[in-house]
Amino acid sequence: MEASPGRAPGTRPLNPSTAMLPTSDAVRAIGARLLGPELILFPVRHHSPACAWQLQRLFGVIRPSVVLIEGPRSFTSLLPMLVHDETRMPLAIYSYAVGKAQGDEMAPRHAAYYPFCDHSPELVALQAAFGNGIPARFIDLNFAEQCQIEPPVDDSEAQSLLDERYYRRSRYLQNLAQQLGCRDHEELWEHLFEVPATRRELAEHVTDLAAYCHLARIECSDAELNADGTLQREAEMAWHIRQALAERREGDGPVLAVVGGFHAVALPDQIERNLPRPKISRSAISDESSALIRYSDDRLDRINGYSAGMTSPAWHRLLWEHMQKHDKAGIDAGTRVRQDVALTVLFDIATELRDKFGLPVPMPTLRGAYEQALQLAALRQRPAPTRDDVLDAVTSCYVKGEVDADGALVLAVAQRVFSGQ
């Protein structure tokens, strides 16, 4: 029986209410299919330092024949500016499409952002490609095409081209978070992937990430994935990957495709099935374009409404910067990095409380918060603190009185420091 693009080979259609979880061997097999001698399907979570770190290590041991990135094809023309030496992150590619007016109705307009920051895996891959003279391009449907196949949305504000709703709503990931003592998908992700990032081998990282993404995808029916345009987008990406494989010459390095993990676990089947490239009419579009624009840390924050953002981008940016400094100096970028960043954030919160609001945080209080963050991490079986460990320490040590009343200012400042500006 031919496997569905939304399922691992050899499994039957899954009902979310009765779905059977795959075996460990089956999950490992999914991960192994992503790392081949001719094709590497590198699964990522957008803006993840852990994924960016593993990609950086990968470029240290292989030279791909070409680098393919999930993102509208038309973005390829913007690559020279995106990776230019003088370009500073965060930036975003702003894309819009205008439909044709029908009668007296105004022409529908759609807009979206594709953000980048220094620790975006896609950007790290593109910078490495351009730095080593490796061709690179985007391989997804153009934004105007995506507008034709996706359900209508409220266009009062620009949408994100990097959506992670399937991870947030997965019952399996919610249950896993509960079993591991994590409050939500964000803490679960940092616990499983960000904290141990620098100490994991590539194959281990990819295998675990494939399992994580498969758990998010296993509840999704083909009808649902077809209705929201996922299958059409994956068919487009699979077509470009097949083209790159056909162009690859003997002796060349592997084709490297950097795509969201939700898509990566399904793409091997898509590629093998040799599905036709989607044909999407552009007759309903009157105008479309894309451009680089400035962006900001706080707009990357999931808490502020960015659908593909990781919580607390400033926290992850600090971690990435310290990881890079340690790596360049030949120093192990492990536990000490997170301890240093945790202390830096605690100092920054205390400084803002004192300088802007006249609320002093004595040194013994700051030291107590740091020690508590370390102890919470150990209690939760983590080698180093996560964002939640530091925030819990702030709540416990910096707040005097009721959290909802006296603690409102402290927590607001903490959120601003974690999110950035």
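Reading guide: rules and limits
- Every chain is numbered on its own, with residues counted from 1 as its sequence reads.
- Since the coordinates come from a predicted model, pLDDT governs what is reported: local features require at least 70, and pairs of side-chain atoms require 80 or more to be given and counted, while whole-chain, interface and lining totals use all residues.
- With hydrogens and water stripped out, all remaining heavy atoms of the structure feed into the side-chain values.
- Secondary structure elements follow DSSP: runs of H or I no shorter than four residues count as helices, runs of E no shorter than two count as strands, and numbering proceeds from the N terminus.
- Burial here depends on accessible area, computed with a 1.4 Å probe over protein chains only, as a share of the maximum for the residue type. Under 20% is buried, over 50% is exposed, and the range in between is partly exposed.
- Two residues form a contact once any of their heavy atoms are found within 4.5 Å.
- To be clear on the numbers: accessible area is Shrake-Rupley with a 1.4 Å probe, and residue cover counts the displayed protein chains and nothing else.
- Think of a nonpolar core as a cluster: buried Ala, Val, Leu, Ile, Met, Phe, Trp, Tyr and Cys residues, connected wherever their side-chain atoms sit within 4.5 Å.
- Strands were regarded as paired on the criterion that DSSP finds at least two bridges between them.
- Structural elements are reduced to axes, namely lines fitted to C-alpha atoms, with helices fitted over the stretch in contact, and the angle between N-to-C directions of any two is expressed from 0 to 180 degrees.
- Every helix has an expected span of 1.5 Å times one less than the residues it contains.
- Note on aromatic contacts: the rings of Phe and Tyr and the six-membered ring of Trp form a pair at centre separations within 6.5 Å, being stacked when their planes are under 30 degrees apart, edge-to-face when over 60 apart, and tilted otherwise.
- Charge over a ring is defined by NZ of Lys or CZ of Arg lying within 6 Å of the ring centre and within 35 degrees of the ring normal.
- Working definition: roughly parallel below 35 degrees, roughly antiparallel above 145 degrees, roughly perpendicular at 65 to 115 degrees, and oblique for all remaining angles.
- Each crossing gets its hand from how the near helix is turned against the far one by less than a right angle, where anticlockwise is left-handed and clockwise is right-handed.
- Whenever Lys or Arg places a side-chain nitrogen within 4 Å of a carboxyl oxygen from Asp or Glu, that contact is recorded as a salt bridge.
- Three classes are used: nonpolar for Ala, Val, Leu, Ile, Met, Phe, Trp, Tyr, Cys and Pro, charged for Asp, Glu, Lys and Arg, and polar for all others, with Gly counted as polar.
- pLDDT is a residue-level measure of predictor confidence that goes from 0 to 100.

Chemist: Explain the overall build of the protein to me, using residue names and the numbers behind them.
Modeler: Summing up its helical and strand segments, the protein has 18 helices and 8 strands in all. Per-residue burial over the protein gives 54% buried out of 421 residues. Pairs at least 24 apart in sequence give 76% of the contacts found in the protein among residues at least 6 apart. Of the roughly 19100 Å² of accessible surface on the protein, a fraction of 51% belongs to carbon and sulfur atoms.

Chemist: Before we move on, can you summarise unusual backbone geometry with the specific residues and values?
Modeler: Look at the link from Met89 to Pro90: it is a cis peptide, with omega at 5°. Tracing the backbone through its elements, the reader meets Pro90 in the loop between α3 (79-82) and β3 (91-99). Its identity is not glycine, yet His47 carries a phi of approximately 70°, on the positive side. Positive phi outside glycine occurs at Ser312, with the angle close to 60°.

Chemist: Go over the nonpolar core, please, and point to the residues and values.
Modeler: Of all hydrophobic cores here, the largest spans 69 residues; its most connected members are Leu55, Val67, Ile241 and Leu256. Examining the composition of this core, we find that 7 residues originate from one element, helix α9 (residues 202-217), more than from any other. Apart from residues no more than four positions distant in its own chain, Val67 is found in contact with Phe59, Ala125, Ala129, Ile134, Pro135, Ala136, Arg137 and Leu256. Judged by nonpolar contacts, the second largest core, of 34 residues, contains Leu319, Val345, Ile349 and Leu366.

Chemist: Account for the sheet that holds strand β1 (residues 39-44), naming residues and giving values.
Modeler: In a beta sheet, neighbouring strands are held together by backbone hydrogen bonds and run either parallel or antiparallel to one another. With respect to topology, 4 strands assemble into an open sheet ordered β1-β7-β2-β5, the strand pairing being parallel. Both outer strands of the open sheet, β1 and β5 (136-140), are each paired with one neighbouring strand and no more. Ignoring which end each strand starts from, the neighbouring axes of this sheet average 30° apart. As defined by bridge partners, strand β2 (residues 66-72) adjoins β5 across 4 bridges and the pair is classed as parallel. Each residue of the ladder has a partner; that of Ile69, found in β5, is Phe138. Together, β1, β2 and β7 (255-260) form the strand contacts of helix α2 (residues 49-59), whose direction differs from that of β1 by roughly 155°.

Chemist: Account for helix α15 (residues 335-357), with residues named and values stated.
Modeler: For α15, which comprises 23 residues, the first-to-last C-alpha distance of 33 Å matches the rise-based estimate of 33 Å (1.5 Å per residue) to within 8%. When we look at burial in α15, the residues that qualify are Val337, Arg338, Val341, Ala342, Val345, Leu346, Ile349, Ala350, Glu352 and Leu353. Looking at the residues trailing α15, positive phi occurs at Gly358, about 65°.

Chemist: Please give an account of the packing of aromatic side chains that cites residues and values.
Modeler: Tallied over the full model, the rule gives 10 aromatic pairs. Ring geometry for Phe193 and Tyr212: centres 5.3 Å apart, planes at 90°, overall edge-to-face. You can see Phe193 sitting in helix α8 (residues 185-194) and its partner Tyr212 sitting in helix α9, a full 19 residues away along the chain. An aromatic cluster of three or more residues is present, and its members are Phe75, Tyr114, Phe116 and Phe138. Taking the ring centre of Trp189 as reference, the NZ or CZ of Arg45 above it sits at 5.4 Å. When the ring centre of Phe262 is taken as reference, the NZ or CZ atom of Arg217 above it lies at 4.8 Å.

Chemist: Explain the packing of α15 against helix α18 (residues 407-419) to me, and be specific about the residues and the numbers.
Modeler: Relative orientation of the contacting elements α15 and α18 amounts to 125°, with a least axis distance of 9 Å. When the interaxial angle is binned, α15 and α18 end up oblique. Here α15 runs over α18; the crossing is right-handed. Contacts between α15 and α18 involve Val345, Asp348, Ile349, Glu352, Leu353 and Phe357 from the first element and Leu409, Val410, Val413, Ala414, Arg416, Val417 and Phe418 from the second.

Chemist: If you had to explain the pattern of salt bridges to someone new, which residues and values would you point to?
Modeler: A complete count under the given rule lists 31 salt bridges for this structure. With a closest N to O distance of 2.7 Å, Arg183 and Asp392 form a salt bridge. Residue Arg183 is located in the loop between α7 (171-179) and α8, and its partner Asp392 is located in helix α17 (residues 387-397); the two are separated by 209 residues in the primary sequence. The class of Asp392 is buried, set by a relative accessible area of 18%. Here the residues in one salt-bridge network are Arg183, Glu187, Arg380, Arg382, Arg387, Asp388, Asp389 and Asp392, joined through shared partners.

Chemist: So, the pairing of strand β4 (residues 109-116): which residues are in play, and what are the values?
Modeler: Burial runs high along β4: 6 of the 8 residues are buried. Where β3 lies against β4, 8 bridges are found, and the strand directions are antiparallel. The partner of Ile93 across the bridge, within β4, is Tyr114.

Chemist: Residue-level account of the packing of α8 against α9, with values.
Modeler: Where α8 contacts α9, the axes come no closer than 11 Å and their chain directions differ by 160°. Between α8 and α9, the angle falls in the class roughly antiparallel. Once α8 is placed against α9, the crossing between them reads as right-handed. Residues His185, Leu188, Trp189, Leu192 and Phe193 of α8 form the contact with α9, whose own contacting residues are His205, Asp208, Leu209 and Tyr212. For the contact of α8 with α9, the residue count by class is 6 nonpolar, 2 polar and 1 charged.

Chemist: Residue-level account of the confidence of the model for the protein, with values.
Modeler: In this model, the protein carries an average pLDDT of 87, and 89% of its residues clear a pLDDT of 70 or more. When the criterion is pLDDT under 50, residues 1-19 qualifies, and its contacts beyond four places in sequence or with other chains add up to 38 contacts.

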